[in-house]
Structures are given as structure tokens and as C-alpha cells.
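Listed below are the residues making up each chain.
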Amino acid sequence: MTTNEAAREADWRRATELIRSAGTVALACHVSPDGDALGSMLGLGLALARTGKKVVASFGDRVFAVPRLLRFLPGQSLLVEPSAYPAEPDLMITFDASTMERLGLLAPHAGKAGELVVIDHHVSNTRFGTVHLVDPGAASTTMVVDELVNRLGLPIDREVATCLYAGLVTDTGSFRHSITTPAAHAMAGRLLATGLRPEEIARELWDRSPFAYLRVLGTALGRATLEPDAVGGLGLVWTSVTRADRAAEGLPYDEVEGMIDVVRRVDEAEVAVVLKEDDEGGWNVSTRSKGAVDVARACAALGGGGHSRAAGFSSALSVADTMAALRPLLAPEGSRS
């Protein structure tokens, strides 16, 4: 066993010991949670609650609301608003957050936790906890949670499986992304055996939206910009969605998350970017690459993170200034000065 393997195994042993001995476990995922973040947290939360442990779960958004497309996930009775979260938890576990800052309002709580177990699969994770279950080779954070649940000897019923499966299919793009591994398919098979309905999960995640979404999407696509000379000549396509766009159609912020998957299809662009203005006037920026550019590296330089082909960051600058800061960071690795 190598030194790194021994260290990882020590973290696994420590994490399971802490969880088994804890009476109360405080869980937190990153702000604006996606399927992997919320699915990881609720999946483990349900599995632990079944053992009689007290479980409290949250995420640090100023406007605390589960995104509409994730409201089908079981376990939401475990959720509390950030204001009701333990100020100094004895044991806190974070999910899918590569930095403490990604915890938003719950970052100070993480800093005061007696023990902080970080569960993640982002290569950009900064190891901000006391124990780290971070596997960049895993297709989703729910894959790391799946291993943790198995090491704890806890059963995975249909509700837990639904949460874990939602995170798995979200981060693999329904098993279309390059991060998909044989282990991911094997996990999916085990989860399906619990009786969950994959067609119902797929419909909730990808196959429904209010009519207002089409109107706002049309507005955003109408201002889309193609820069063929950007990204070292590989091309950049980008657009923005303002809060005024959404207000005109009565569309909540969480409904615009999937627009990047429309913009990324442009053949002439290696990188796609969508800037989304939240209700407070800040910008959340989603980036996608087809493989020649590591967008996680670019986003990390601006305080964010993610995967090499899918990453994001937040910005308090204008759209023009945000793009001006991002463009030079998107040059292919070999072409940077």
C-alpha cells in the first residue's frame, strides 16, 4: 500500500468512527445545490436517520429554497434554514463543495465545527476539513457517499437510492460525459435493484419546465455571442440571463440552470459560458468545455471550481468585466504565456 493509499484509508476509518460515535450529525452541501450536492446530502442523511441519529441538513443560500427540479427528492424533512443550523456542530459533513466559501452562509459553521468531514469528487477540492473523503476519479459525489454508506454497513432502500441515483445521473449527464466509468454503471445497477423509477427521475430532472422558461431562453439565445478567435482560436460562445429577463416572465432563478446545456451545443465553440443573475444582483457563471480546455482551472482562479469540462464561479462584477476576467484564463494549456 502506497503512502497516499494509506492516508486515504486512514481518512475512511476516521470518518466512519466519527459518524458511528456521533449522536447528532450536521450536513451541508454547496450553495445553489444541484442534483449531486443535494442528492449526496439527503441520501446519507436518510441512511443515518434510519439508525436513530439526529440529522440536520442545510445549504447556505440567503434565499433558502430547494430548486423546483429537485423537489421530488426524498428526505427533505431533514432540511432546516441556515439560521436554524448548529453554530458550532460537533460533527459536520460537507458535500460536493470544493472550498469552504462554496458553503455560503454555512462557511462560518464549518470553521467552528469540532470535526469537519469533506466529501467530494472535484479535483479542485482544497481539503478544508479535518477528514477528507475526496475521490477525483469518482463520477459523482454520490459515488463517494455510496461507498461510505456501504462501509458503515447501512442498508440502501428505495428512498436513499433515489437520492444517490439523482446525483449520479446529474453529474454524468445521464452517462454521456467522459467521467462515466464502469463503476458508475455498476452503482446504477445496484440502485435500480431497489425499485426506483429511472424514467420518473429523468423526467423531473430534464423533461419538464414552465412555459416561461422557453420565453427567457429565447431572450438569452437572442443575445448569445460567438467569438471564433477566442480560446486560442477554438471559439467561445456565451450569453447572459438577467433578473429582469426572469422578472418579465415570472421565472424563478433555479429554472435557468439548464440553459448551459443548450448553449454548449454550438459546433464553432470549444467553450460555452452562461452568466445568470440571481435575485440579489450577483452573477453565477457556468462554463463547459468539449475537452481541449480545463475550465475548472479557469474557474478556480476566479474563486470557483468544478471539473475540467464543467465548472463555475460567482462574480460581483458586471457581465463585461466578468467576461474580461475569464477570457484570458480559457486559453488552451500549451498556448498560455
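Here is a short report on the structure shown in this document. Bear in mind the structure is a predicted one, so any value in this text is a computation, not a measurement.

**A closer look at the pairing of strand β5 (residues 131–134)**
Part 1: Of the two faces of β5, both are covered, the one formed by V131 and L133 as well as the one formed by H132 and V134.
Part 2: Both strand β4 (residues 115–120) and β5 contribute to a ladder of four bridges, which runs parallel. When the bridges of β5 are listed, I119 appears paired with L133.

**A short note on the sheet that holds strand β8 (residues 271–277)**
Part 1: Taking strand neighbours across the sheet as the criterion, the six strands line up as β6-β7-β8-β9-β11-β10 in an open arrangement whose pairing is mixed. In this open sheet, the two strands that pair with only one neighbour each are β6 (225–227) and β10 (305–306).
Part 2: Across seven bridges, the pairing between β8 and strand β9 (residues 283–289) is antiparallel. Bridging across to β9, V273 finds its partner in T287.
Part 3: Contacting β7 (236–241), β8, β9 and β11 (310–315), helix α13 (residues 319–326) crosses the sheet at an angle of about 145 degrees to β8.

**What about the nonpolar core?**
Part 1: L38, M41, L44, I93, F95, V117 and I119 are the most contacted members of the largest nonpolar core, which totals 55 residues.
Part 2: Residues within four places of I93 in sequence aside, it is in contact with I19, V25, A26, L27, A28, L44, V117 and I119.

About the thresholds
- Residues numbered from 1 in each chain as written.
- Predicted model: local features only at pLDDT ≥ 70, side-chain atom pairs only at ≥ 80, totals over all residues.
- Heavy atoms only, no water.
- Buried < 20%, exposed > 50% of the residue type's maximum accessible area, 1.4 Å probe, protein only.
- Helix = DSSP H or I, 4+ residues; strand = E, 2+ residues; numbered from the N terminus.
- Pairing = 2+ DSSP bridges.
- Contact = heavy atoms within 4.5 Å.
- Axes fitted to C-alpha atoms, helices over the stretch in contact; angles between N-to-C directions.
- Core = buried A, V, L, I, M, F, W, Y, C linked by side-chain atoms within 4.5 Å.

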